[in-house]
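Inside the fold
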Amino acid sequence: MIDHFEIKVVDFENCRDFYQHVLSPLGIELKWADDSAAGFGLTTEPNVRFLIEKGDNNAKSHIAFSALNKEQVIEFHQAGLTHGASCNGKPGLRKKYAPNYYAAFLLDPDGNNVEAVVYL
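Here's what I pulled together on the structure shown here. (Residues numbered from 1 in each chain as written. Predicted model: local features only at pLDDT ≥ 70, side-chain atom pairs only at ≥ 80, totals over all residues. Heavy atoms only, no water.)

Focus on the nonpolar core
The condition is simple: Buried residues of nine kinds, namely Ala, Val, Leu, Ile, Met, Phe, Trp, Tyr and Cys, make up a nonpolar core once their side-chain atoms join them within 4.5 Å. In this scheme, a residue with accessible area under 20% of its type's maximum is buried, one over 50% is exposed, and one in between is partly exposed, where area comes from a 1.4 Å probe on protein chains only. Strands are runs of DSSP state E lasting at least two residues, helices are runs of H or I lasting at least four, and both sets are numbered from the N terminus onward. In what follows, residue pairs with any heavy atoms lying within 4.5 Å of each other are defined as contacts.
Judged by nonpolar contacts, the single largest core of 27 residues is most densely connected at Tyr-19, Leu-23, Leu-26, Phe-40, Phe-50, Ile-52 and Phe-65. Contributions of two or more residues to this core are made by strand E1 (5–9), helix H1 (12–23), strand E3 (37–42), strand E4 (50–54), strand E5 (62–66), helix H2 (70–82), strand E7 (101–107) and strand E8 (113–119). If one sorts the elements of this core by residue count, H1 sits on top with six residues. Residues in contact with Tyr-19, not counting those within four places in the same chain, are Ile-7, Phe-40, Phe-50, Ile-52, Ile-63, Asp-108, Asn-112 and Val-114. Listed in part, the five residues of the second largest apolar core include Ala-98, Tyr-101, Ala-103 and Val-117.

Shown next as structure tokens:
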């Protein structure tokens with residue numbers, strides 16, 4: 001139900017590259033970028049839904065991206081580990097959230113908690 005959202009990042013170049021790789025398995029691509037901001041959106045539409053912008057304040061965020069299936073959640077997690085993320089929760093059911101809540105969690109290069117989730 002999110003139209004778009006933005007987070008501030010200190011290490012802009014590394015975060016731009018990180019999100020470009022991690023979001024690809026979810027069907028999300030880099031739509032545009034300049035020296036201090038980047039916009040991402042679904043490959044099936046022209047809209048930008050997620051933005052990162054270089055900033056001095058590194059307040060941590062939690063972002064959950066929708067996945068279509070378990071395989072996308074697993075690919076998201078693997079891509080994150082390959083491209084500089086730390087594991088913040090392996091792919092699996094999170095029954096404390098909902099009986100069908102399947103998710104994986106990463107900490108991006110700036111320490112934000114990034115999640116991919118699908119309801120089975």
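Observations concerning the sheet that holds E5
Rules: Note on pairing: DSSP must find at least two bridges between two strands before they are called paired. Helix axes use the C-alpha atoms of the stretch in contact, all axes being lines fitted to C-alpha atoms, and the angles between their N-to-C directions lie in the range 0 to 180 degrees.
Here we have four strands laid out as an open sheet, ordered E5-E8-E7-E6, and mixed in their pairing. A strand with exactly one partner marks an edge of an open sheet, and here the two such strands are E5 and strand E6 (86–93). Strand-to-strand twist across the sheet, computed as the mean angle between neighbouring axes with direction ignored, equals 20°. Examined bridge by bridge, E7 and E8 share seven bridges and lie antiparallel to one another. Looking at the pairing, Tyr-102 lines up with Val-118 of E8. Contacts between H2 and the sheet are confined to E6, E7 and E8, with E7 contributing the most and set at about 10° to the helix.

Structural notes on the sheet that holds E3
The strand order across the open sheet formed by four strands is E1-E4-E3-E2, and the pairing between neighbours is mixed. Looking at which strands have only one partner, the edges of the open sheet turn out to be E1 and strand E2 (28–33). Averaged over all pairs of adjacent strands, the angle between their axes in this sheet comes to 25°, without regard to strand direction. Both E3 and E4 contribute to a ladder of four bridges, which runs antiparallel. Considered in E4, the bridge of Ala-38 is made with Ile-52.

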